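# Structure at a glance
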Amino acid sequence: MSALTFPEISGTGPAVGEGPIRIGSDEHKRLFCKTLLDTFNPYRPAVIDWPKLDADATARITSLPIWDIAVQTENRASLNVCTYAEGVRDPLLRKAIELNGFEERRHRHVLANLVEAYGIKLAPEPVYEKPKDPEWAFMVTGYSECIDSFFAFGLFKAAKDTGYFPPELVQTFDPVVNEEARHILFFVNWVAWHRRNMPWWRRPYFELKVFAVWLFLIYERMSIASDVSNGQQDNNFTLSGAEQLGSDVDVGELIAICVSENDRRLKPYDNRLKRPRFVPFMARLALKFVGPKKKAA
């Protein structure tokens, strides 16, 4: 097939549910689980017909310093999510988390087929060890995707608008990007549901774990500069990708695009579901100081 199929993302208002829903209730759990399950796209990576690119487009794609870490990230994410699913007793919740893990693994196969199609050489992959704390690993993956997807949405849009990604490649790869919107929507609602349904005495420890996850992710991203200076690939290319895209998008404009695209990709889903808040809030705050520069006429 020439492109993956997925429901079109409209520019209209958000999907509206039939009535209010209490966060943490069984109805809330059914809603966020069924949203993930019912929007599943049964495409097969092996039959994706990657478009032929001209020499310039191929050079741009193959020069992006993301492919090694992208494949490794999806492999690790799949292992983390599937390991956590093994300990979940609720049948519906477990089924949804298993699907999440399956889609992470499928993303790895999509990327592997892409790099093969365009002759991109990958470094040998490390050995992936099963996480000792499945909840911690699941939360690291979920919150990391909340950060990376926000910037990836904007960079993908910028790459499309500037012509850095050819239209054929955008059409083929866009549904994979959209799947990440489903994943972060599911994750933030799982956090809210999980928090409300744990014993009261566990909540302080859980909140400390959430705080520790954010500290870990911040530390991980602060180490990027030293990694790049030592010749390693940038494991958070989405935060510095505007320059790599070769476009004239300034920082403020890029952040504004990320905010807009994040809203657009999450808009079609039931508006009773919680949305990721921290990264969009920080981005909107940053826009007050580094808003888009006005272009000369």
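Structure first, text after, so check above.
## Thoughts on the packing of helix α5 (residues 134–162) against helix α11 (residues 278–287)
For the pair α5 and α11, the least separation of the axes is 9 Å and the interaxial angle reads 50 degrees. One element, α5, and the other, α11, form an angle in the oblique class. Facing α5, whose interface residues are Cys146, Ile147, Phe150 and Phe151, α11 presents Val279, Pro280 and Ala283. Per-class residue counts for the contact of α5 with α11 are 7 nonpolar, no polar and no charged.

## Here we look at empty space enclosed by the protein
If you walk through the whole model with that rule in mind, you get 1 cavity of 30 Å³ or more. By volume, the largest cavity amounts to about 40 Å³. Forming the boundary of the largest cavity are Val81, Asn100, Glu104, Phe138, Thr141, Gly142, Glu145, His183 and Phe187. For the lining of the largest cavity, the leading source of residues is α5, giving 4 residues. The residue makeup of the lining of the largest cavity, split by class, is 3 nonpolar, 4 polar and 2 charged.

## Remarks on the pattern of salt bridges
Here the structure, examined in full by the defined rule, presents 17 salt bridges. Measuring nitrogen to oxygen at the nearest pair gives 2.6 Å for the salt bridge that ties Lys29 to Asp90. Here Lys29, found in helix α1 (residues 26–38), pairs with Asp90, found in the loop between α3 (67–86) and α4 (91–117); they are 61 residues apart in sequence, far enough to count as distant. A residue is classified by how much of its surface remains accessible, and Lys29, at 10% relative accessible area, is buried.

## Notes on the packing of α5 against helix α6 (residues 167–197)
Two elements in contact, α5 and α6, have axes separated by 9 Å at closest approach and are oriented at 145 degrees. The interaxial crossing formed by α5 with α6 has left-handed handedness. Looking at the contact of α5 with α6 residue by residue, the classes come out as 16 nonpolar, 4 polar and 5 charged.

## A short note on the packing of aromatic side chains
Applying the stated rule across the entire model yields 17 aromatic pairs. Ring geometry for Tyr143 and Phe187: centres 4.9 Å apart, planes at 85 degrees, overall edge-to-face. Separated by 44 residues along the polypeptide, Tyr143 in helix α5 and Phe187 in helix α6 bring together distant segments of the chain. Of the two residues, Tyr143 and Phe187, both sit in the buried class. Ring geometry for Tyr164 versus Phe165: centroids 5.9 Å apart, planes at 50 degrees, classification tilted. Summarising the burial analysis for this pair, Tyr164 and Phe165 share the class buried. An aromatic cluster is present here, built from Tyr84, Phe138, Tyr143, Phe187, Trp190, Trp214 and Phe278 joined pairwise through their rings. Here Arg60 stacks its cationic end above the ring of Tyr164, 5.5 Å away from the centre of that ring. A cation over an aromatic ring shows up here: Arg106 above the ring of Tyr43, its NZ or CZ 3.7 Å from the ring centre.

Reading the values: rules and limits
Residues numbered from 1 in each chain as written. Predicted model: local features only at pLDDT ≥ 70, side-chain atom pairs only at ≥ 80, totals over all residues. Heavy atoms only, no water. Axes fitted to C-alpha atoms, helices over the stretch in contact; angles between N-to-C directions. Helix = DSSP H or I, 4+ residues; strand = E, 2+ residues; numbered from the N terminus. Parallel < 35°, antiparallel > 145°, perpendicular 65-115°, else oblique. Contact = heavy atoms within 4.5 Å. Nonpolar A, V, L, I, M, F, W, Y, C, P; charged D, E, K, R; others polar. 1 Å grid on protein atoms, 1.4 Å probe; cavity = no way out; pocket = protein on both sides within 12 Å on 5 of 7 lines; lining within 4 Å. Points joined across faces, edges and corners; volume = space filled by probe spheres on them. Salt bridge = Lys/Arg side-chain N within 4 Å of Asp/Glu carboxyl O. Buried < 20%, exposed > 50% of the residue type's maximum accessible area, 1.4 Å probe, protein only. Left-handed = near helix turned anticlockwise from the far one by under 90°. Phe/Tyr/Trp six-rings, centres within 6.5 Å; stacked < 30°, edge-to-face > 60°. Lys NZ or Arg CZ within 6 Å of the ring centre and 35° of its normal.

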